[in-house]
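Structural description and commentary
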Amino acid sequence: MMAWWDDFFWTYQNLVYALGINGLLALSIYVVLAVGQLSLGQAAFMGLGAYSSTIMTVKFKLPFLLVLPASCVVPVVFALLIGGPTLRLSGVYLAIATIGLGEVLRAVYLNIDYFGGALGLSGIPERAGVGAIYGLLVVALLVLWLVGRSHIGRAMEAMRTDETAAEVMGINVPRYRLGALLASAVLAGLAGALSAHVSSFIGPNEYGFEPAVTILSYALLGGIGTPIAPVLGAWILTLLPEMLRGLADFRLVFNGLIIVIAVLFLPRGLLAFRLRRS
Amino acid sequence: MLAQQLVNGVLLGATYALFALGFTLIFGVLRVINLVYGFYFSAGAFMALFLTRQYGWPIVAALPVAAAGAGVLAIALDWVLLTRLRRVGAPELASLMVTLGAVLALYAASTALLGPDIRRLPPDLIGAEAMVIAGVRITAAQVLILVATAVLVGGLIALMRGTRLGLALRAMAENPDAAGLMGIDTGRLAALVSFISGALAGAGGVLIGLNFNAIHPYMGEAMMLRGFVVIIVGGLGDIRGALIAGLLLGIVEVLTAGYVASGLKEAVAFAILVAVLWTRPVGLFGRAVVRRA
C-alpha cells in the first residue's frame, strides 16, 4: 500500500498539493459569499500570506509552527483596511475595492527589491506537506460546518437572502460581514503560506486578477449551500485541465465561462444541497 | 520640469476621465458594474491596430471606426450577458459576477488567439516631432488625445443636458420603471448606453495605445484599476465627478512616477481609493447616492 502511495505521490505531488490548497481557497471565498458579499481579493490575501510567511522563514529564520499562524496577520490587516469602510455600504463597494488589490500588490512586489522584484523569492525550505495542508483543510471544513449549523449560520443565510429583514430581526449585519471577510483573509493567508512552503519559489505574477477570478469560479461551480460544495468545485476545476490536455490552453476561458453559466443558469451551483439544522 | 509633468499629467488624466466616463455612465443608467468594460478598451486598441497596420488607414479615420466597433461589441455583450438578469431583477452582485467571468474568458481567449506580446502601431502613423510652447514639449499624439477627449466629453455632456434623449437617459437613471411608464423605450436606451460607453472605452484604448504605443490583450485590465479609482473618488454614477477625478488621478500618477517611483503609481492610486472609502464614500463631490447596508 505504501509503495503504491509513494509512486502515485511522486508523479502527482504538485497536483495533490494544489487540490488541498485550492480547497482552502474555495473555503475562503465561500465564507464571504455566504454572507451575501463578493470579495475579489482572495488571491491578493493569498499572496500576502505567501510573501509574509516566506520573508519570516527565509529572512528571519523563524520556525514554521510560528510562521504559519503569523502568516494570517498581514492579510487580516489588509482585510480590515478595506472591509472597514466598504462593508457598511452596498456590496459593489467591497467588490470594486478588492478587485484592484491583487494588481496593485503585484506592482509593489515587482518594484520593491526587498520582495525580490520580477524574480520573486526563491529557496524556500519545504516545511509544509500533505499532513499540514489536508489537516488544515479538514479542520476548516469542520469548523465551517459547525458554524453553518449554528445560529451564526442561520444569521448568515438570513442576511444573504434579505439583508433588510435580517437587520430588522436584530442581526448586526456589518459585524457579521467583517467577521466573514476576516475569516476569509485568514484562510487565504494560510493557503498562501502553505503553497509557498511546498513550492520553494513564489513570484509576483501568481496572485493577480486571473487567480482571483478562478477562486470565485470554484465556489460558483460548487455552489455555496454547504462548505463541502465549493471544495468539490475547486477539485473539479483543478482536475479537469489535468485530465483534458486540450483544455489546458483554454483553462482560464473555461473558468470564466463557468462563472457566467453558473450565475445565469445555476444560481445554486452544481451541488445544490443545503445544511440541515435542528 | 514641473510644468512638463503637469501637462503630461493632464493629458493622461484626460484619457482616464474619458475611460471612466463610460464606466460611470453604465452604472448611473443601468445600475451595473460592468467589468467587461475594460475589454472594450483593449478591443478598441486592437481594432485601430488592425485598421492602421492592415489597411494603412490614417489614425483620424481609424479612431472613430474603432470606437464605433467597440460600441457595437458592447451592445452585443450587454445583450448576451445582462438582458436575462435585468429581466428577473437580479441583485447587483449577480451582474457583477457575470461580467467578471465573461471578461476573464474574453481576455484569456484573445490572449490565446492573438498572443500575449506587446504590439505597436505603425511608426509613421502620427508625427513624432514635438511642439515646444513655453518650454513644454507637446507631441502631435498628445494634441490628438486632447482634441478627441474634448470632443467626446463635450458631446456627451451636450447629449445628456441638451437633448430629449438625454432627458430620457436621466429619467431612466432616476427610476427605470417610472421612465418605462412614461413611454420611454428602456430596452433601446440600454442598448444606446452600452454603445456610447463602449465607444468611449474603445476611443480611450486607441488614445492610450497611441500615447504609450504598447497594445496587448490585458491592457484594459490595468486601465480598469484607474476606472475603479476614478468612479469611487468621483462618486458612483457622477459624470462631472468622474471628469475631475480622472484629471486628478492622471496628475497624481505622473507626479508619483516623476518624483517618487514609477512602480508605485498603482499603489498610490489604490491608497487614494481606500482613503476616499474611509472618509467620503459618496465621492469627493458628494452627489452620488450611497446605498448603505
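Residues numbered from 1 in each chain as written. Chains lettered and ligands numbered in written order. Predicted model: local features only at pLDDT ≥ 70, side-chain atom pairs only at ≥ 80, totals over all residues.

Here we come to the overall build of chain A. Each helix and strand in chain A was counted, giving 13 helices and 2 strands. Here the C-alpha atoms of chain A give a radius of gyration of 18 Å, agreeing with the 19 Å that 2.2 N^0.38 yields for 278 residues. Its C-alpha atoms give chain A principal-axis dimensions of about 55 × 45 × 35 Å. For chain A, the residues scored as buried account for 51% of the 278 residues in total. (Helix = DSSP H or I, 4+ residues; strand = E, 2+ residues; numbered from the N terminus. Rg over C-alpha atoms; globule rule 2.2 N^0.38 Å. Buried ≥ 20, exposed ≤ 12 C-beta atoms within 10 Å, placed from the backbone.)

With that out of the way, let us pick up the pairing of strand β2 (residues 136–139) of chain B. All names here are of chain B. Bridge count between strand β1 (residues 130–133) and β2: 4 bridges; the pairing is antiparallel. Within the sheet, the bridge partner assigned to Ala130 lies in β2 and is Thr139. Hairpin geometry of β1 and β2 is characterised by an intervening segment of 2 residues between the two adjacent antiparallel strands and by a positive phi of about 50° at Ala134. (Pairing = 2+ DSSP bridges.)

As a further point, take the environment of Leu85(B). Residues and elements named next belong to chain B. Its location among the elements puts Leu85 in helix α3 (residues 59–88). Residue Leu85 is classed as partly exposed on the basis of its 19 C-beta neighbours within 10 Å. Distance from Leu85 to Ser95, taken between C-alpha atoms, is 6.8 Å for residues 10 residues apart in sequence. In this structure, Leu85 is in contact with Ala90, Ala94, Ser95 and Val98, ignoring residues within four places of it in sequence. (Contact = placed C-beta atoms within 7 Å.)

Let's shift gears to helix α5 (residues 140–162) of chain B. Residues and elements named next belong to chain B. Given a rise of 1.5 Å per residue, 23 residues ought to cover 33 Å, and the 32 Å separating the end C-alpha atoms of α5 matches this to within 8%. Ala141, Gln142, Ile145, Ala148, Thr149, Leu152 and Leu156 are the residues of α5 that are buried. On the buried face of α5, the contacting elements are α1 (2–30), α3, β2 and α8 (186–212). (Expected span 1.5 Å × (residues − 1).)

In this section: the packing of helix α2 (residues 37–54) of chain B against helix α9 (residues 219–234) of chain B. Residue and element names in this part refer to chain B. One way to put it is that α2 packs onto α9 with a least axis distance of 8 Å and a crossing angle of 130°. Between α2 and α9, the angle falls in the class oblique. Our pair here, α2 against α9, has a crossing hand that is right-handed. The residues of α9 that touch α2, namely those facing Tyr37, Gly38, Phe39, Phe41, Ser42 and Ala45, are Met219, Gly220, Glu221, Met223, Met224 and Gly227. (Axes fitted to C-alpha atoms, helices over the stretch in contact; angles between N-to-C directions. Parallel < 35°, antiparallel > 145°, perpendicular 65-115°, else oblique. Left-handed = near helix turned anticlockwise from the far one by under 90°.)

Attention shifts here to the interface of chain A and chain B. If you look at the interface, chain A gives 43 residues, while chain B gives 36 residues. Taken together, the elements giving at least two residues each to the side of chain A that touches chain B come down to α4 (73–86), α5 (92–99), α6 (101–111), α10 (173–199), α11 (209–222) and α13 (251–265) of chain A. Considering each element in turn, the side of chain A that touches chain B owes the most residues, 10 residues, to α13(A). Split by residue class, the side of chain A that touches chain B holds 29 nonpolar, 9 polar and 5 charged. (Nonpolar A, V, L, I, M, F, W, Y, C, P; charged D, E, K, R; others polar.)

Turning our eyes to something else, we now look at the confidence of the model for chain B. Confidence along chain B averages 85 in pLDDT terms, with 97% of residues attaining 70 or more. Averaged over each element, pLDDT in chain B is lowest for β1(B) (75) and highest for α2(B) (90). (pLDDT = per-residue confidence, 0-100.)

As a further point, take the environment of Ala67(B). As for its placement among the helices and strands, Ala67(B) is situated in helix α3. Excluding residues that lie within four positions of it along the chain, Ala67(B) makes contacts with Gly44(B), Ala199(B), Gly202(B), Ala203(B) and Val206(B).

Residues and elements named next belong to chain B. Among all positions of helix α6 (residues 164–174), only Ala168, Leu169 and Met172 are buried. End-on view of α6: buried residues confined to an arc of 100°, all on one side of the axis. Seen from the buried face of α6, the exposed residues on the opposite side, beyond 90 degrees, are Arg164 and Glu174. Close packing links the buried residues of α6 with α1, α5, α7 (176–181) and α8. (Arc of directions from axis to C-beta.)

So, on to the packing of α4(A) against α10(A). Residue and element names in this part refer to chain A. Contact pair α4 / α10: the axes reach a minimum separation of 8 Å and the direction vectors enclose 150°. The angle between α4 and α10 places the two elements in the roughly antiparallel class. Classified by chirality, the crossing of α10 by α4 is right-handed. Where α4 approaches α10, its residues Pro75, Val76, Ala79 and Gly83 are matched on the opposing element by Leu178, Leu181, Leu182, Ala185, Val186, Ala188 and Gly189. Classifying every residue of the contact of α4 with α10 gives 9 nonpolar, 2 polar and no charged.

Attention now goes to unusual backbone geometry. In this structure, Ser200(A) takes a positive phi of about 65° despite not being glycine. Structurally, Ser200(A) can be placed in the loop between α10 and β2 (201–202). Even without glycine at this site, Arg31(B) takes up a positive phi of about 60°. Here Arg31(B) is to be found in the loop between α1 and α2.

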